[in-house]
Amino acid sequence: MNTLAVKVENLVLQFDDFKAVNNISFNVQKGEIFGFLGANGAGKTTTIRVLCGLLIPTSGSVEVAGISFNIEGNADLIKAKVGYMSQKFTLYNDLTVEENISFTASLRKLPREYYEKRKKELFDFISFNKPANTKVSDLAGGMKQQVSLAASILHEPEILFLDEPTAGVSSAARQKFWDLIKSLAKEGKTIFVTSHYMDEVEQCDRIALMSNGELIALDSPAGLKAKTFPQPLYELDSKQSLSNQELESIKALKYFESFESYGHRYHASPINLSKWNEFKSLYGDLFNIREINPTLEDVFIRLVEGQDK
Ligand SMILES: Nc1ncnc2c1ncn2[C@@H]1O[C@H](COP(=O)(O)OP(=O)(O)O)[C@@H](O)[C@H]1O
Ligand SMILES: [Mg+2]
């Protein structure tokens, strides 16, 4: 049995002579919550648009829900198997909730009876308790996103692509949205999601980190942290602000694999124990020091900014 929802090999997507996606390869397992992380312009949306059958790969091979892209006409088959909530808001504000869902159903050519039954299920699923003829413009941001999610799964897709679905939504509504995502994954749906919120990405089974069109890391949240920080990570809280000269000499002496500043605090990962001891004997008095667990933000900063150095 094929356990892969998505299989990407050496995918390149070029706009004119610019490679927005530059030779990436990865697989997504069925039922997985797969997170896509990266700065603006990294190539996340472009990759998703390829996987939804909206952009044709420049080269490389892509298989989604067991369907290969390279055969003409398959893009339409793929569209039937995937749901897509695009980064831009996808509902019509001046239509009612009912009209939006019904419009989506007609685009997908869903039979009337199926639509009526499914609509009820979906309203239950998102706990929608307003009249169906409420205008979308009268809904709160979090509820709009939930209705948009409902519209994207109207046709019961196997794989759901969510591109920054919670951008700008309140934190309570974000958590509710993620509870919905998780219950879909429990039913066996595959979720492919991008987000800038580290607390959200933390809830993914695996995370792919993209930078400048390339995939620079792929692992579980715990795996990413362990691989990126094989040495312990310390927070150095400077007792008084450091002079530039002090900072420069600490960096120049190369005690650390990474040394990132967060205001007057620094997150530092020593190269090895003897370097760490040497640092502490020379500079230890300047800081309050404690060992910390790396966050995904530490990982992101280390890997993405480390690339530019
Ligand atoms: N239709 C397009 N034509 C030309 N360049 C594009 C087009 N769409 C996206 N790009 C460029 O491709 C790069 C990746 O964009 P995108 O996939 O939207 O990144 P992300 O979603 O990670 O922010 C960016 O430099 C963007 O400007
Ligand atoms: Mg994007």
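Residues numbered from 1 in each chain as written. Chains lettered and ligands numbered in written order. Predicted model: local features only at pLDDT ≥ 70, side-chain atom pairs only at ≥ 80, totals over all residues.

A. Focus on the overall build of the protein. Within the protein one finds 11 helices and 14 strands. Here the C-alpha coordinates of the protein stretch approximately 75 × 45 × 40 Å along the principal axes. Residue burial in the protein is summarised as follows: out of 309 residues, 35% are buried. (Helix = DSSP H or I, 4+ residues; strand = E, 2+ residues; numbered from the N terminus. Buried ≥ 20, exposed ≤ 12 C-beta atoms within 10 Å, placed from the backbone.)

B. Representation of the site of ligand 1 in the model. The full set of residues close to ligand 1 is Phe15, Ala20, Gly38, Asn40, Gly41, Ala42, Gly43, Lys44, Thr45 and Thr46. Residue contributions to the shell around ligand 1 peak at 3 residues, all from helix α1 (residues 44–51). For the shell around ligand 1, a count of residues per class yields 3 nonpolar, 6 polar and 1 charged. (Near = placed C-beta within 6 Å. Nonpolar A, V, L, I, M, F, W, Y, C, P; charged D, E, K, R; others polar.)

C. View of unusual backbone geometry. With a phi angle near 50°, Asn10 is a residue other than glycine that sits in the positive phi range. Position of Asn10 relative to the elements: it lies in strand β1 (residues 4–15). Under the C-beta neighbour-count criterion, Asn10 is labelled partly exposed, with 13 such atoms within 10 Å. Backbone geometry at Ala65 places phi at a positive 50°, although glycine is not the residue there.

D. View of the packing of helix α3 (residues 97–107) against helix α5 (residues 141–152). Packing of α3 against α5 brings their axes to within 9 Å, and their N-to-C directions diverge by 25°. Our classification of the angle between α3 and α5 gives roughly parallel. Where α3 crosses over α5, the handedness of that crossing is right-handed. Touching Val97, Asn100, Ile101 and Thr104 of α3 are Val147, Ala150 and Ala151, all from α5. Looking at side-chain class alone, the contact of α3 with α5 contains 5 nonpolar, 2 polar and no charged residues. (Axes fitted to C-alpha atoms, helices over the stretch in contact; angles between N-to-C directions. Parallel < 35°, antiparallel > 145°, perpendicular 65-115°, else oblique. Left-handed = near helix turned anticlockwise from the far one by under 90°. Contact = placed C-beta atoms within 7 Å.)

E. Representation of the pairing of β1 in the model. Relative to strand β2 (residues 18–29), β1 is paired through 9 bridges, and the arrangement is antiparallel. Counted as the bridge partner of Phe15 is Phe18 from β2. Between β1 and β2, which pair antiparallel and follow one another directly, the connecting turn spans 2 residues, one of which, Asp16, has a positive phi of 50°. For β1 and strand β4 (residues 59–64), the ladder comprises 5 bridges, and the chain directions are antiparallel. By the bridge assignment, Val6 is partnered in β4 with Val64. (Pairing = 2+ DSSP bridges.)

F. Looking closely at the sheet that holds strand β3 (residues 33–37). Strand order in the open sheet formed by 6 strands is β6-β7-β8-β3-β9-β10, with mixed pairing between adjacent strands. The open sheet has two free edges, formed respectively by β6 (82–85) and β10 (214–219), since each of these has just one partner strand. Neighbouring strand axes in the sheet, compared pairwise and without regard to direction, differ in orientation by 15° on average. As paired elements, strand β9 (residues 206–211) and β10 share 5 bridges and run antiparallel to each other. Among the inter-strand pairings, Ala208 is bridged to a residue of β10, identified as Leu218. Sitting on the sheet, α5 touches β6 and β7 (159–163), and the angle it makes with β6 is about 155°.

G. Looking closely at the sheet that holds strand β11 (residues 233–238). The strand order across the open sheet built from 4 strands is β12-β13-β11-β14, with neighbouring strands paired in antiparallel fashion. Of all strands in the sheet, those with a lone pairing partner are β12 (256–262) and β14 (287–292), marking the two edges. Looking at each pair of strands side by side, their axes are set apart by 20° on average, direction ignored. Of the pairings in the sheet, the one linking β12 to strand β13 (residues 265–270) comprises 6 bridges and is antiparallel in character. What sits directly across from Tyr262, in β13, is Arg265.

H. Molecular detail of the environment of Cys204. The residue Cys204 is located in the loop between α7 (198–201) and β9 in this model. Judged by the 24 C-beta atoms lying within 10 Å of it, Cys204 falls in the buried class. Counting along the chain gives 168 residues from Cys204 to Phe36, while the straight-line C-alpha distance between them is 9.3 Å. Not counting residues within four places of it along the chain, the set of residues in contact with Cys204 comprises Ile33, Phe34, Gly35 and Pro221.

I. Main features of the nonpolar core. Of all hydrophobic cores here, the largest spans 58 residues; its most connected members are Leu51, Ile159, Phe161, Ile191 and Phe192. Not counting chain neighbours up to four residues away, the residues in contact with Ile159 comprise Ala5, Val6, Val64, Ala65, Lys81, Val82, Thr190 and Phe192. Phe256, Ala268, Phe279 and Phe287 belong to the second-largest nonpolar core, a separate cluster that totals 10 residues. (Core = buried A, V, L, I, M, F, W, Y, C linked by C-beta atoms within 7 Å.)

J. The domain arrangement of the protein, seen in detail. Splitting the protein by domain gives domain 1 (4–225) and domain 2 (230–293). The gap between the C-alpha centroids of domain 1 and domain 2 is 41 Å. (Domains from an automatic or database assignment.)

K. Structural context of the environment of Phe15. Relative to the helices and strands, Phe15 is located in strand β1. Taking the C-alpha atoms as reference, Phe15 lies 28 Å from Ile301; in sequence the two are 286 residues apart.

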